[in-house]
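# Secondary and tertiary structure notes
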Amino acid sequence: MKTIGVLTSGGDAPGMNAAIRAVVRTACENGIKVFGINRGYAGLIEDDVRELNIRSVSDIIHRGGTMLYSARCKEFREEAGMQKAIETCKKHGIEGIVVIGGDGSFRGARDLSLRGIPCIGVPGTIDNDIVSSDYTIGYDTCLNTIMQMVDRVRDTVESHSRCVVVEVMGNRCGDLTLNSGIAVGATAIVIPEIHFDIEKHVIERIRRTQKTDKKHFIVMVAEGIGGVEELARKIEKECGVESRAVILGHVQRGGSPTVRDRVVASQMGYKAVQLLMDGIGNRVIVQKDDHIVDFDIYEALNMERSVNTELYKIAHEISI
Ligand code: ATP
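Because the structure is predicted, anything quoted here is derived from the model rather than measured. (Residues numbered from 1 in each chain as written. Predicted model: local features only at pLDDT ≥ 70, side-chain atom pairs only at ≥ 80, totals over all residues. Heavy atoms only, no water.)

By secondary structure assignment, the location of S113 is in helix α4 (residues 103-114). In this structure S113 comes out as buried when scored by relative accessible area, which is 15%. Setting aside residues no more than four positions away along its own chain, S113 makes contact with P118, C119 and N282. (Helix = DSSP H or I, 4+ residues; strand = E, 2+ residues; numbered from the N terminus. Buried < 20%, exposed > 50% of the residue type's maximum accessible area, 1.4 Å probe, protein only. Contact = heavy atoms within 4.5 Å.)

Dropping the structure here:
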């Protein structure tokens, strides 16, 4: 391949810039021309592209967000939109694309690969919800942000002997909630993957903990569950402890990426270009058992998700 493109799609995640940087630098070092495609598939449809060189990606490794911007694009799901995207590729001689994003973005990458533009997916999403990969770029930064935010809330909760119910991002995936819940010593953790009973898993746990003289409580709830305001009211009424709900929201997405996100992003971006250089497409780069490997996109999208029940059990036993 002589010319490739790179885009970021779906929700932005810290570390996407490090992945873009790795893609651009690896390509340039190997004599391949790189086009940065702005705003994901929307930019590909609208021919919003620019050539990038080694210096175009200077000073971005430490920045959150994505220098290529991101978007969700309905038009790309239709054949007409896809054909416009292919026209843009033909116009600039783009022979392959690195798509940094989540599962939805990978579906788009698969569709484009099937139409003759080989694509490589790189998992970039704070949610860690890509089944085929043990790790997604942005997850570690997001976990640390949540931990720092809840540590701050804890100061006030402790001073006033209150309970705080924190809503954590993660879509239908409870990984952020479970892991940050352990890190902040939450009394109760509620995630969609594990059956829960509010009475038994939250109210009774708080009551039991109250008997040990603890006076402040943190309850972590995944956004897919919702209802944090209502839960805070219920806790206040039934446990007699002043309770507040905190929705962390988009602060969870931003910030300078951690070492782990920068390194994994660099490895994955590098590997994606290696595959395209070998003329291979329709693959996703994943982390499996500490190795960076690749899978067929179709296979990756159809893998079954498993939950870390052991971690959930540990959280329950030690956070009391
Ligand atoms: P996140 O995990 O952050 O939500 P994502 O990549 O899963 O990221 P989506 O909004 O699901 O985010 O998908 C991003 C874009 O990928 C969509 O806006 C659309 O352009 C494209 N896309 C999603 N699903 C498909 C599909 N089934 N076929 C073709 N393109 C798709």
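This part takes up helix α5 (residues 139-159). Taking 1.5 Å per residue as the helical rise, α5 with its 21 residues ought to reach 30 Å, and the 30 Å between its terminal C-alpha atoms agrees with that figure. Of the positions making up α5, those classed as buried are Y139, D140, T141, C142, L143, T145, I146, V150, V153 and V157. On its buried face, α5 sits against β6 (163-168), α6 (175-183), β8 (217-222) and α9 (259-277). Two residues or fewer past α5, S161 is found with a positive phi of approximately 50°. (Expected span 1.5 Å × (residues − 1).)

This part is about the sheet that holds strand β10 (residues 283-288). The strand order across the open sheet built from seven strands is β3-β2-β1-β4-β5-β10-β11, with neighbouring strands paired in mixed fashion. At either margin of the open sheet sits one strand with a lone partner, and together these are β3 (49-52) and β11 (291-296). Direction aside, the axes of adjacent strands within the sheet are offset by 30° on average. Sheet topology note: the strand β5 (residues 119-123)/β10 ladder contains two bridges and is parallel. Counterpart to G121 in the pairing with β10 is V284. (Pairing = 2+ DSSP bridges. Axes fitted to C-alpha atoms, helices over the stretch in contact; angles between N-to-C directions.)

Here we take up the site of the ligand. Residues in contact with the ligand amount to 16 residues; listed here are only the nearest, R72, C73, G102, G104 and S105. With respect to the ligand, the side chain of R72 contributes an N or O atom lying 2.7 Å from an oxygen atom. Note that an oxygen atom of the ligand is positioned 2.6 Å from one of the backbone N or O atoms of C73. Notes on the ligand: free accessible area 620 Å², of which the protein chains cover 85%. If you map the ligand onto the pockets, it falls in the largest pocket. When residues in the shell around the ligand are grouped by element, the largest group, six residues, is from α4. A breakdown of the residues in the shell around the ligand according to their chemical character gives three nonpolar, eight polar and five charged. (Near = heavy atom within 4 Å. Polar contact = N/O pair within 3.5 Å; in protein donor to acceptor, adjacent residues only side chain to side chain. Areas by Shrake-Rupley, 256 points an atom, 1.4 Å probe, with all protein chains shown as cover. 1 Å grid on protein atoms, 1.4 Å probe; cavity = no way out; pocket = protein on both sides within 12 Å on 5 of 7 lines; lining within 4 Å. Sits in = over half its atoms within 2 Å of the grid points. Nonpolar A, V, L, I, M, F, W, Y, C, P; charged D, E, K, R; others polar.)

The gaps left among the atoms become clear once a water-sized probe is rolled over them. Counted as a void, the largest pocket has a volume near 940 Å³. Lining the largest pocket are 34 residues; nearest its centre among them are R72, G102, D103, G104 and S105. With six residues, α4 is the single largest residue contributor to the lining of the largest pocket. Taken together, the residues that form the lining of the largest pocket break down as nine nonpolar, twelve polar and 13 charged. Looking at the second largest pocket, it is lined by 18 residues, and the ones nearest its centre are N128, D134, D175, R305 and S306. (Points joined across faces, edges and corners; volume = space filled by probe spheres on them.)

Buried together is how nonpolar side chains tend to be arranged in soluble globular proteins. Residues V6 and M220 are the most contacted members of the largest nonpolar core, which totals 58 residues. Not counting the four nearest positions on each side in its chain, M220 is found in contact with I146, V150, V166, V168, T177, S180, G181, V184, A186, A188, I189 and V190. Core analysis: the next-biggest nonpolar cluster, separate from the first, contains 27 residues, C89, L112, I297 and L301 among them. (Core = buried A, V, L, I, M, F, W, Y, C linked by side-chain atoms within 4.5 Å.)

Attention shifts here to unusual backbone geometry. With a phi angle near 55°, R39 is a residue other than glycine that sits in the positive phi range. The partly exposed category is assigned to R39, whose relative accessible area is 27%. Notably, N282 is not glycine yet its phi reads approximately 60°, a positive angle. Relative to the helices and strands, N282 resides in the loop between α9 and β10. The buried category is assigned to N282, whose relative accessible area is 19%.

With respect to the helices and strands, A272 occurs in helix α9. When the C-alpha atoms of A272 and T26 are compared, they prove to be 9.4 Å apart, with 246 residues separating the residues in sequence. Ignoring sequence-local partners within four residues, the contact set of A272 consists of V98, I120, V122 and I285.

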